[in-house]
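A closer look at the structure
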Amino acid sequence: MSTSSPEAVKKLLENMQTDLRSLSMECKKKFPPVKEAAESGIVKIKTIAARNTDILAALKENSSEVVQPFLMGCGTKEPKITQLCLAAIQRLMSHEVVSEAAAGNIINMLWQLMENGLEELKLLQTVLVLLTTNTVVHDEVLSKAIVLCFRLHFTKDNITNNTAAATVRQVVTVVFERMVAEDERFKGIVEQPPPVQGNTNRRSVSTLRPSAKDAYMLFQDLCQLVNADAPYWLVGMTEMTRTFGLELLESVLNDFPGVFLQHQEFSFLLKERVCPLVIKLFSPNIKFRQGSSSAASPAPVEKPYFPICMRLLRVVSVLIKHFYSLLVTECEIFLSLLVKFLDGEKPQWLRAVAVESVHRLCVQPHLLRSFCQSYDMKQHSTKVFRDIVNALGSFIQSLFIVPNAGNTAAVSAPAAQGGPGTGGVSGNLTTQAAFEYRGTWIPLMTVSVQGSAKATYLEMLDKVEPPSIPEGYAMSVAFSALLDLVRGITSMIERELAMEEEAAAEFREAHPDKEWQLQPGENGQGMICVSISGAHLVWEEMVSACWCGLLAALSLLLDASTDETATENILKAELTMASLCGRLGLVTPRDAFITAICKASLPPHYTLTALSSNTANLSSKAYSIQGQSVQIISPSSESHQQVVAVGQPLTAQPQGTVVLTAKNIQCMRTLLNLAHCHGAVLGTSWQLVLATLQHLVWILGLKPGVGGALKPGRAVEGPSTVSFLGTVCRACVVLYVFHLIVEGNEYLDDVSLHHLINALCSLSLEAMEMAYGNNKEPSLFAVAKLLETGLVNMDRIEILWRPLTGHLLEVCQHPNSRMREWGAEALTALIKAGLAYKHDPPLAQNQRLQLLLLNPLKELSNVLHADIRQKQLESVLQILQSQGDSLGPGWPLVLGVIGAIRNDQGESLIRTAFQCLQLVVTDFLPTMPCTCLQIVVDVAGSFGLQNQELNISLTSIGLLWNISDYFFQRGEAITQELGREEEALQKQAQEKGETLNRPFHPAPPFDCLWLCLYAKLGELCVDPRPAVRKSAGQTLFSTIAAHGTLLQQPTWHIVIWKVACKNL
């Protein structure tokens, strides 16, 4: 029910009259003046009710007279009467029928009661009702009410103290809420401000409205009181603690930032009062060096005092969060102080609250970006953002080097938590998450939800003595801060990068003829371009500033982690940083993060040249915090992890067996994820990733199978044992991720694909080097992945074909039989797949691509190894059987491969090649261009002349007879096609000013074809072997007799003198 409704007003009048009657009865004997005042009050209320329609307004107008009996009742100091009067006064306040004058009288009466120590809780309640329900109290009356509450906060009764503290907090909030409401009322109204005379007179600020002025004076006096100075406005204060004052300052700054940002006068207070005060109070914490971690009281200024320091850090967090734009210089000082508090020489509790404060900053990426812009990117300025990250890293390192310095209470913590002590690792496996490094064991706690900074010690507002920090707490907060920092800045930058890419896509769609660039333009995109261009510089600076410190800390934590979840979080942080650096084109940090993941994937102290050189470069990059050099700790590689596989290392120098732990496999999965999901940004670092994977594959005993896919294979030499878990993980790797890497390659752009191919070729060259001069099983990882990469990128095979096949041809010439066998397998598989793939346009209409695909097959003819030639010819046979009808312009290359036989190649090769020729002559003569028929004759003749296999020589003569028969049957069609070709060649020769040069010129082209056939038979007629001579002679003369009528008369002259008579 509303307080202004008729029913409420009626009830109010009834209650007031009842209260006055009760007061009259209580004071009847002892206090007659009060009794008379109460009775006249009843008459007054009845008169007001009878004469006015707006009863509440009339009551407010006459409120000084109405409340007078109750004020007099309070003056009696009788508890029962006082309680009755205060309850009545509160009822009047709640109906808002108290005028400014009446409110002043009430406050004066409450003050007297306070000084007499009467009804303290009721007083506080009355003040709160007065200030929360009415806005009539201002200036000195308001200050007196506030001082009253403060005075009650410092009584000897705990209940009163706590109630008064809560009331003060609420009253301070009410004062500022009134100001906000006042600003809202005057919003949009432009006022003519009075001439500003500066803020020299602290008792009044003429530029402010009433509520704003009250808020200003209150806040100013809070600063005065915290600074141990006399207040200007809160007159009558007898006592005040800094801790309570700092809490009030913090709540105002945190709850009403708009007040300080919108009003110059309040901004002035921030700059001139709050910041110098904070810096002054921080002084003992800055100067103190580790002696004792606690201070008994705030008296000795030399020692940090936990309650003050903790509240100062809370205030600083709020100042940085809300007022950074106003206080750029001051925030630089605060942040530098914060970094210093993480020093190992500071007490443990101070380091704990400092790291909690840093965590609060780390969950605000936009704030971190502002730090970078305002400090790190400015010349001659403190590199604040870099220092924050480096200080976190240094803090984490210090916990491993000097565990629990200054906190003796924490030494017993591990025993209580059931974990090993700090002196070493216990024999029993503990399930608790922890970090373990060189004998130092630090438990890992859940300190906050991802992305939020929930503090523990910054919230201990009730503690006077510094708390005992449990072992592992500071490490856990620092670890969360690192992860939140990485998550925050990477997600922020990636979001903005996505917006940039979207803007670029829209621009290209709207202006297909123009190139997108980050420069201001005249097309309406100017402002976007400028902002993006500036953002790029900030992103790059942020990454450049933080990567060194992040990498040092994350690498150490990764090495020390004994918990799978923690390890996963560290790896995810390194992965996202590597990806972000790649997207921004920052090669050095990208390679550094990838190297860290690679090293963690391999067994400890594993020799890998690519990683060693990269690590050497990084180790020289010691980083600094505020000019002080910080040494990067080298990994210990002593973490106690479950061994899942034992295998042989893939190195030139024998190292004995090596073991892979569960953590190695976890890192390997991250590496595979990096290659699959972020291949487009890896660039030259593909070399690092693939080199590491090659070694892991070798240790796990995986061998390439059909199509280049890896599968478990037997160990070729030395012991290779894998646990059950190792077997499972190996199967998972094989079945899931390895092929994903290659499948992911089809989504890479052309440049990234070339980086991948180059890396695989480089890796393969290393494997070839290692395979020289020994009989050890070579690593076929690179060759297998080259094959897979080619197979999944058939749609753009042209861009990678030459580097891919060029390298595989080198592999085919390697002296190690296993190596060249796989080189030939990969090359021939790619050629067959390329010919079978449905290209657009089809191969039949793309002569250049077909020749490109077939050319490596021809190049194999130059390899001297018989096994490679055998593979080549088997592939030709398969190509003829599957693609023979569509070879078209590729026939000369195929026939060239078939005819590339020598007498020193052995019967098996010649037999396979001849099998191909037989297939060509029996099945494919009608489908090939007629210009290739002469090549078929030459190839058949060469098989007749070889001396390894007599039966093949004789059969080849039969093939020549079959060919002549085909010429006779298709004579007309062949003549026409050869005629057209002759005309084209003649025209080209004339254009070049040359004469047409072909065998038996100037005989007609068809006659020339016959003459070639007769010439081949003629050569065979003088073969040293009688059987060949006899067969060739019979065939020659039978052919001339059967088909000679097709020849023109001049051609007969050539047949007789250049073919027949040569055999005489």
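Remember, predicted model here, so these are calculated numbers, not experimental data.

The rules behind each value
Residues numbered from 1 in each chain as written. Predicted model: local features only at pLDDT ≥ 70, side-chain atom pairs only at ≥ 80, totals over all residues. Heavy atoms only, no water. Helix = DSSP H or I, 4+ residues; strand = E, 2+ residues; numbered from the N terminus. Buried < 20%, exposed > 50% of the residue type's maximum accessible area, 1.4 Å probe, protein only. Contact = heavy atoms within 4.5 Å. Areas by Shrake-Rupley, 256 points an atom, 1.4 Å probe, with all protein chains shown as cover. Salt bridge = Lys/Arg side-chain N within 4 Å of Asp/Glu carboxyl O. Expected span 1.5 Å × (residues − 1). Axes fitted to C-alpha atoms, helices over the stretch in contact; angles between N-to-C directions. Parallel < 35°, antiparallel > 145°, perpendicular 65-115°, else oblique. Nonpolar A, V, L, I, M, F, W, Y, C, P; charged D, E, K, R; others polar. Core = buried A, V, L, I, M, F, W, Y, C linked by side-chain atoms within 4.5 Å. Arc of directions from axis to C-beta. Pairing = 2+ DSSP bridges. Phe/Tyr/Trp six-rings, centres within 6.5 Å; stacked < 30°, edge-to-face > 60°. pLDDT = per-residue confidence, 0-100. Polar contact = N/O pair within 3.5 Å; in protein donor to acceptor, adjacent residues only side chain to side chain. Left-handed = near helix turned anticlockwise from the far one by under 90°.

The next point concerns the overall build of the protein chain. Along its length, the protein chain carries 41 helices and eight strands. In the protein chain, which comprises 1064 residues, the share counted as buried stands at 53%. Pairs at least 24 apart in sequence give 72% of the contacts found in the protein chain among residues at least 6 apart. Surface summary for the protein chain: the accessible area is close to 46400 Å², and the carbon and sulfur share equals 52%.

What follows concerns the pattern of salt bridges. Summed over the entire model, instances satisfying the criterion amount to 22 salt bridges. Across the salt bridge formed by E798 and R848, the nearest N and O atoms sit 2.4 Å from each other. On the criterion of sequence distance, the pair formed by E798 in helix α30 (residues 797-812) and R848 in helix α32 (residues 847-859) is long-range, its members being 50 residues apart. Accessibility expressed as a relative area gives 53% for R848, which makes it exposed. Linked by salt bridges that have partners in common, E250, R314, R360 and E459 make up one network.

The end-to-end C-alpha distance of helix α23 (residues 587-601) is 21 Å, a good match for the 21 Å that 15 residues give at a rise of 1.5 Å each. Every buried residue of α23 is listed here: P589, R590, D591, A592, F593, I594, T595, A596, I597, C598, A600 and S601.

Next up on the list: the packing of helix α28 (residues 750-771) against α30. For the pair α28 and α30, interaxial distance at closest approach is 10 Å and the crossing angle is 5 degrees. Accordingly, the angle class assigned to the pair α28 and α30 is roughly parallel. Along its contact with α28, which presents D750, L753, H754, I757, C761, S764, L765 and M768, the element α30 presents I799, L800, P803, L804, H807, E810 and V811. Across the contact of α28 with α30, the residue classes break down as ten nonpolar, three polar and two charged.

The next thing to look at is the nonpolar core. Grouped together as the largest cluster of nonpolar side chains are 328 residues, with contacts concentrated most on F176, F371, F385, L880, I898 and F967. Looking at which element gives the most residues to this core, the answer is helix α21 (residues 526-560), with 17 residues.

Once that is clear, we can look at helix α2 (residues 32-51). Counted at 1.5 Å a residue, the expected span for α2 with its 20 residues is 28 Å, and the 29 Å between its end C-alpha atoms agrees. Those residues of α2 that sit buried are V34, A37, A38, G41, I42, I45 and I48. All buried residues of α2 project into a common sector of 150 degrees when viewed along the axis, lining one side. Turned more than 90 degrees off the buried face of α2, the exposed positions are P33, E36, V43, A50 and R51.

Here the focus is the side chain of Q224. Mapped onto the secondary structure, Q224 falls in helix α10 (residues 210-226). Apart from the residues lying within four places of it in its own chain, the contact partners of Q224 are D229, A230, P231, Y232 and R273.

On strand β2 (residues 440-443), burial covers both faces: T440 and I442 on one face and W441 and P443 on the other are all buried. In terms of strand pairing, strand β1 (residues 434-437) meets β2 through four bridges, oriented antiparallel. Within the sheet, the bridge partner assigned to F435 lies in β2 and is I442. Adjacent in sequence and paired antiparallel, β1 and β2 are bridged by two residues, among which R438 carries a positive phi angle near 50 degrees.

For the rest of this paragraph, the subject is the packing of aromatic side chains. Evaluated as defined, the whole model comprises 18 aromatic pairs. Members of the aromatic cluster, each reached through a chain of ring pairs, are F176, Y216, F219, F256, F260, F266 and F323.

Looking now at the environment of T955. In this structure, T955 sits in helix α37 (residues 950-969). Note: C-alpha distance between T955 and V1028 (73 residues apart in sequence) is 9.8 Å. Residues in contact with T955, not counting those within four places in the same chain, are F914 and Q918.

A separate point is the confidence of the model for the protein chain. Averaged over the protein chain, the pLDDT score is 77; the fraction of residues at 70 or greater is 79%. The spread of mean pLDDT over the elements of the protein chain runs between helix α19 (residues 413-417), the lowest at 37, and helix α22 (residues 564-584), the highest at 92. Scored below 50 in pLDDT, residues 519-530 makes 13 contacts in the model with residues more than four places away or belonging to other chains. In this model, residues 714-720 is a region of pLDDT below 50 whose contacts with residues beyond four sequence positions or in other chains number 14 contacts.

To continue, consider the environment of M25. Mapped onto the elements, M25 comes out in helix α1 (residues 6-26). Placed ten residues apart in sequence, M25 and K35 show a C-alpha to C-alpha distance of 7.3 Å.

For the rest of this paragraph, the subject is unusual backbone geometry. Cis geometry is adopted by the peptide bond preceding P841, which originates at D840 and carries an omega value of 0 degrees. In this structure, P841 sits in the loop between α31 (817-836) and α32.

The next point concerns the side chain of R311. Tracing the chain through its elements places R311 in helix α14 (residues 306-323). One polar contact links the side chain of R311 to the main-chain carbonyl oxygen of P307, over a distance of 2.9 Å. Beyond its immediate sequence surroundings of up to four residues, R311 is in contact with T243, L246, E247 and L461.

Attention now goes to the packing of helix α25 (residues 662-677) against helix α26 (residues 686-700). Packing of α25 against α26 leaves a shortest axis separation of 11 Å and a crossing angle of 135 degrees. Accordingly, the angle class assigned to the pair α25 and α26 is oblique. Considering only the axes of α25 and α26, their crossing is left-handed. Contact with α25, carried on its side by M668, L671, L672, L674 and A675, involves W686, V689, T692, L693, L696 and L700 of α26 and no other residues of that element.

What follows concerns the environment of L208. With respect to the helices and strands, the residue L208 is situated in the loop between α9 (158-185) and α10. In this structure the C-alpha to C-alpha distance between L208 and H263, which are 55 residues apart in sequence, comes to 8.9 Å.

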